[in-house]
Amino acid sequence: MQQPPSAGRRAAAARALAAPVLAVVVTACSVPEPPDPDPARAPAPGAAAQVTAELLTRVTSVHEETGMTLLEGPVLAPDGGLLVVDVTAPEGEPKVLRVDTGSGEVETVFTEGDGAYTSAQFSPSDGRLYLTDFAGGRIDSLTADGKDHTTFFSGQVDGAVMRPDDLAFDEDGNLYVSDSTGFDGPVWEARGRVVRIDGETAEATVLAGDLPAPNGISFTEDFTGLWVSQYAANRVDHLALDGDGTAVETSHTALHFNGGTSRVDSNAVDAAGNLYQAVHGRPGILVYSPLGEHLATVEVPADDAEGLDSATNIAIAPGETDAYITVSGRDGGFVYTFEALAEGIRQSNGG
């Protein structure tokens, strides 16, 4: 399935999953001088670097059954391989795949069930891979090699089933999930939530409600707050948490995204606290400082962009600046790479 580097989000109108069980909309060439990874010398406001990502490999083709392919949830496994999920994979086809970051070779990891997985992240407490099932309202888990598939959480939260899109783990292994309920409605009918799920008991509590379809969710580099990308409002909020992470003390809008018909999707944070914001409707990533300065824009090569319409998610290798983007469109699902502005940390790896 590998495509050579020379080869050239989904549908622009929606993230439609065509199979009956997936009948929901889901809502991830190096430049001559890449951004300096030293945050002290990052580009000044108004001088954002333009970065062209390099193709690593083609991972998937458009599925005949669902009419599309959509890669999400890039996360580096303990063996160094990059795991990704294909949201629209029909039953019996690979839902979790492994990409060799050196050779670009692709292997199947997991194919079971009817889950529409939109994100993946390893728990710091048990080392298992956790997957958000957007269509089923569940959180599933399995081993890094795709074994022992179990459902960690399912059911209602405060009387309503979630549309779990992305997740982040705190240092103790508790899950913080963006519930993107209302993603397919107008912004003024905000029904989304941020939900905390206890890592041991799986007890779920709502930290924030009445949100415009939250999508991306990442802890700040010091775990004192959350960056939450509001898909239906094209903004990123900062939620300051209390000492044990069980309540939101304050919140405010941190960034406004002037995306036109495109929207904010998943996000990630590097060791310097920079926020990497993925985009639905455009194959690009925008990088911001913790103070909202636009530091860089990362895009695929111009020759590739015509057949690609989303860059949904990003992973940065912990302790390194190797960054990986999941990009999809009518040409298929791909992984592109670029050099991050600072080293990756656990918050950079999956979500």
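See above for the structure.
So, here's what we can say about the structure. (Residues numbered from 1 in each chain as written. Predicted model: local features only at pLDDT ≥ 70, side-chain atom pairs only at ≥ 80, totals over all residues. Heavy atoms only, no water.)

**Side note on the sheet that holds strand S19 (residues 235-241)**
What links the strands of a sheet is backbone hydrogen bonding, and the strands pair in either a parallel or an antiparallel sense.
Inference 1: In spatial order, the strands read S17-S18-S19-S20; together these 4 strands make up an open sheet with antiparallel pairing. Single-partner strands in this sheet number two, and they are strand S17 (214-219) and strand S20 (248-256). Within this sheet the neighbouring strands show an average axis-to-axis angle of 20 degrees, counted without direction. (Pairing = 2+ DSSP bridges. Helix = DSSP H or I, 4+ residues; strand = E, 2+ residues; numbered from the N terminus. Axes fitted to C-alpha atoms, helices over the stretch in contact; angles between N-to-C directions.)

**Points about the pairing of S20**
Remember that side chains alternate between the two faces of the sheet whenever the strand is regular.
Inference 1: Both S19 and S20 contribute to a ladder of 7 bridges, which runs antiparallel. Paired with His 238 across the bridge in S20 is His 252.
Inference 2: Taking the residues that link successive antiparallel strands as the turn, the S19-S20 hairpin has 6 residues, and the phi of Gly 245 there is positive, at about 70 degrees.

**Description of the pattern of salt bridges**
When the charged atoms of two side chains with opposite charge come close together, those side chains can pair.
Inference 1: Scanning the entire structure with this criterion turns up 9 salt bridges.
Inference 2: Between Arg 128 and Asp 148 there is a salt bridge, with its nearest N and O atoms 2.8 Å apart. Residue Arg 128 is located in the loop between strand S7 (117-122) and strand S8 (129-133), and its partner Asp 148 is located in the loop between strand S9 (138-142) and strand S10 (150-153); the two are separated by 20 residues in the primary sequence.
Inference 3: Across the pair Arg 330 and Glu 306 runs a salt bridge, and its minimum N-O distance is 3.9 Å. (Salt bridge = Lys/Arg side-chain N within 4 Å of Asp/Glu carboxyl O.)

**Quick notes on the packing of aromatic side chains**
Inference 1: Summed over all chains, the structure comprises 6 aromatic pairs.
Inference 2: Seen from their ring centres, Phe 219 and Phe 223 are 5.2 Å apart, and the 45 degrees between their planes marks the pair as tilted. Here Phe 219 matches Phe 223 in class, with each residue buried.
Inference 3: Both rings, one in Phe 334 and one in Tyr 336, keep their centres 6.4 Å apart while their planes meet at 55 degrees; by these two values the pair is tilted. With respect to burial, Phe 334 and Tyr 336 carry one shared label: buried.
Inference 4: One aromatic cluster in this structure is built from Tyr 130, Phe 152 and Phe 169. (Phe/Tyr/Trp six-rings, centres within 6.5 Å; stacked < 30°, edge-to-face > 60°. Buried < 20%, exposed > 50% of the residue type's maximum accessible area, 1.4 Å probe, protein only.)

**Some thoughts on the side chain of Asp 304**
Inference 1: Inspection of the secondary structure puts Asp 304 in helix H1 (residues 302-305).
Inference 2: Buried charged residue Asp 304 carries no salt bridge. Nearest counter-charge: Arg 58, at 11 Å.
Inference 3: One polar contact links Asp 304 to Tyr 336, side chain to side chain, over a distance of 2.6 Å. (Lys, Arg positive; Asp, Glu negative; His and termini not counted. Polar contact = N/O pair within 3.5 Å; in protein donor to acceptor, adjacent residues only side chain to side chain.)

**What to know about the sheet that holds strand S16 (residues 204-211)**
Inference 1: An order of S13-S14-S15-S16 is seen for the 4 strands of this open sheet, with the pairing classed as antiparallel. Across the chains shown, the open sheet's two edge strands, defined by having one partner strand only, are strand S13 (164-169) and S16. For this sheet the average axis-to-axis angle between neighbouring strands, irrespective of direction, equals 20 degrees.
Inference 2: Examined bridge by bridge, strand S15 (residues 192-197) and S16 share 5 bridges and lie antiparallel to one another. Looking at S16, one finds that Gly 192 is bridged to Leu 211.

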